[in-house]
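# Understanding the architecture of this molecule
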Amino acid sequence: MFLHTTLAEEVSLKAILVRDKGTGNTTIKLWDVTTGKQKITLNGHSNSVYSVSFSRDGKTLASASFDQTIKLWNVATDKQTTLTGHSDGVTSVSFSPDGKTLASTSSDLTIKLWNVATNKQTTLNGHSGTVLGVSFSPNGKTLASASWDKTIKLWDVATGEQKTTLNGHSNSVNSVAFSPDGKTLASASADSIKLCDVATGEEKTTLKGHSNTVMSVSYSPDGKTLASASFDKTIKLWNVVTGQEKTTSRGIAIGFIA
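What you see is a predicted model; the values in this text were computed from it and never measured.

Moving on, we come to the overall build of the protein chain. Summing up its helical and strand segments, the protein chain has 0 helices and 24 strands in all. Classification of the 258 residues of the protein chain by burial places 52% in the buried group. Here the contacts in the protein chain between residues at least 6 apart in sequence split such that 36% fall between residues at least 24 apart. Total accessible area on the protein chain stands at roughly 11,600 Å², and carbon and sulfur atoms take up 48% of it.

In any sheet, the strands associate via hydrogen bonds between backbone groups, in a parallel or an antiparallel arrangement. Spatial strand order, E21-E22-E23-E24: 4 strands in an open sheet with antiparallel pairing. With one partner strand each, in any of the chains shown, strand E21 (214-219) and strand E24 (245-250) form the two edges of the open sheet. With strand direction ignored, the average angle separating the axes of adjacent strands in the sheet is 20°. Where E21 and strand E22 (residues 225-230) come together, 5 bridges link them in antiparallel fashion. When the sheet's bridge partners are listed, valine 214 is paired in E22 with serine 230.

What follows covers the pairing of strand E18 (residues 184-189). Side-chain positions along a regular strand alternate between the two faces of the sheet. The buried count for E18 comes to 6 of 6 residues, which makes it a mostly enclosed element. With 5 bridges joining them, strand E17 (residues 173-178) and E18 adopt antiparallel strand pairing. Bridging across to E18, phenylalanine 178 finds its partner in leucine 185.

With the rule as written, the count across this model stands at 2 salt bridges. Here lysine 236 and glutamate 245 are joined by a salt bridge, their closest N and O atoms 3.2 Å apart. With a relative accessible area of 36%, glutamate 245 lands in the partly exposed category.

A complete count under the given rule lists 1 cavity of 30 Å³ or more for this structure. Here the largest cavity defines a volume of roughly 40 Å³. What lines the largest cavity is simply Lys150, Thr151, Ile152, Leu166, Gly168, His169, Val173, Ser187, Lys194 and Cys196. Residues belonging to the lining of the largest cavity are distributed by class as follows: 4 nonpolar, 4 polar and 2 charged.

With that settled, the discussion passes to the confidence of the model for the protein chain. On average, residues of the protein chain score 88 in pLDDT, and 88% of them reach the 70 mark or higher. Taken together, the stretch residues 1-23 has pLDDT below 50 and engages in 79 contacts with residues farther than four places along the chain or on a different chain.

An order of E9-E10-E11-E12 is seen for the 4 strands of this open sheet, with the pairing classed as antiparallel. If you trace the sheet from one side to the other, it starts and ends with strand E9 (90-95) and strand E12 (121-124), each paired once. Neighbour to neighbour, the strand axes of the sheet diverge by 20° on average, direction disregarded. Bridge count between strand E11 (residues 111-115) and E12: 4 bridges; the pairing is antiparallel.

This model, assessed by the stated rule, comprises 1 aromatic pair. With centroids separated by 5.2 Å and ring planes inclined at 20°, the aromatic side chains of tyrosine 50 and phenylalanine 66 adopt a geometry described as stacked. Placement of the pair is tyrosine 50 in strand E5 (residues 49-54) and phenylalanine 66 in the loop between strand E6 (60-65) and strand E7 (69-74), with a sequence separation of 16 residues. For tyrosine 50, a relative accessible area of 19% corresponds to the buried category.

Once that is clear, we can look at the nonpolar core. Counting 12 residues, the largest nonpolar core consists of Ala177, Ala186, Ala188, Ile193, Leu195, Leu207, Val214, Val217, Tyr219, Leu226, Trp238 and Val240. The set of elements that each furnish at least two residues to this core consists of E18, strand E19 (193-197) and E21. If you tally residues by element for this core, the top one is E21, at 3 residues. For leucine 226, the contacting residues outside a window of four places in its chain are Ala186, Ile193, Leu195, Leu207, Val217, Ser218, Tyr219, Lys236, Leu237, Trp238 and Val240.

Definitions and cut-offs
- Residues numbered from 1 in each chain as written.
- Predicted model: local features only at pLDDT ≥ 70, side-chain atom pairs only at ≥ 80, totals over all residues.
- Heavy atoms only, no water.
- Helix = DSSP H or I, 4+ residues; strand = E, 2+ residues; numbered from the N terminus.
- Buried < 20%, exposed > 50% of the residue type's maximum accessible area, 1.4 Å probe, protein only.
- Contact = heavy atoms within 4.5 Å.
- Areas by Shrake-Rupley, 256 points an atom, 1.4 Å probe, with all protein chains shown as cover.
- Pairing = 2+ DSSP bridges.
- Axes fitted to C-alpha atoms, helices over the stretch in contact; angles between N-to-C directions.
- Salt bridge = Lys/Arg side-chain N within 4 Å of Asp/Glu carboxyl O.
- 1 Å grid on protein atoms, 1.4 Å probe; cavity = no way out; pocket = protein on both sides within 12 Å on 5 of 7 lines; lining within 4 Å.
- Points joined across faces, edges and corners; volume = space filled by probe spheres on them.
- Nonpolar A, V, L, I, M, F, W, Y, C, P; charged D, E, K, R; others polar.
- pLDDT = per-residue confidence, 0-100.
- Phe/Tyr/Trp six-rings, centres within 6.5 Å; stacked < 30°, edge-to-face > 60°.
- Core = buried A, V, L, I, M, F, W, Y, C linked by side-chain atoms within 4.5 Å.

Quick look at the structure:
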C-alpha cells in the first residue's frame, strides 16, 4: 500500500488521503486526522490512482489515475469533474498556490497545465521519459518537473516555456519539491537526494542515507527539515542547513509524501 498525506500545515483539512498503487485499487479514501476514522470513499476511476492533491482552500481534491484521466472532486458534495487529454497514465497532480491552475504529469512524456475554472489545457513538451512529479514554486510562477529521463526541468507557468534543465542525477528523478522560500529545489532519485539553488541551478548539497530508491521528498512549513520516503521502507528527516540526517522511521510501508 502506498500512503499519501497532506502536509502538516494542511492538517486543518482534517483528512488524510490513502490510495493503493499497482494493486488495481481505483478508490480514494478520506480519513479524519483527529479520530483516525474513515470519512468517505471516492469512486470513479477505472484504473489505479497514482496521486492526489488538495487545493489550498481544501474544497477540491484532484486525483491522477492510470485510466489516463484526472478527476476534480468537490470534497463537500463528492461531485466530480473529469479532465481528459493525456494519452497514457497520469502519474501526478499538483495545484498551484492560488488554486487556479492544476499541473499533471504522465507516461505520455508531457506535462499539462489546466485552468481549473474552464478546464482549458496547455501542454508542456520537453522530457524524453515518463514525467513522474511536479512542484509549483511558492509564488506560482515556476513549475519544476521530474522525469525518468534523469532530468529536472523548470518551466515558466505564464508562458509555458522551458527555463532550464538540471542534469545532476544519474538515475530517474522521482519527485521534486520547492523550499517554502522558493530558493532551493529538492529532488529524489535512485542515486540520492539533491538540493539545488533555483537561481543558479547549481547543486548545494547531496543527502545520502537511504539504501534504495528515494520516491518522494517534502519540506516542512518552516523549510528547516526535509522528509524523504524510500523503497527501503524508511522515512528520513533531514536537517536542511547541515545536510545531516535527524531521524529515521523504519518498517513503514513504501510510500509517497507530499
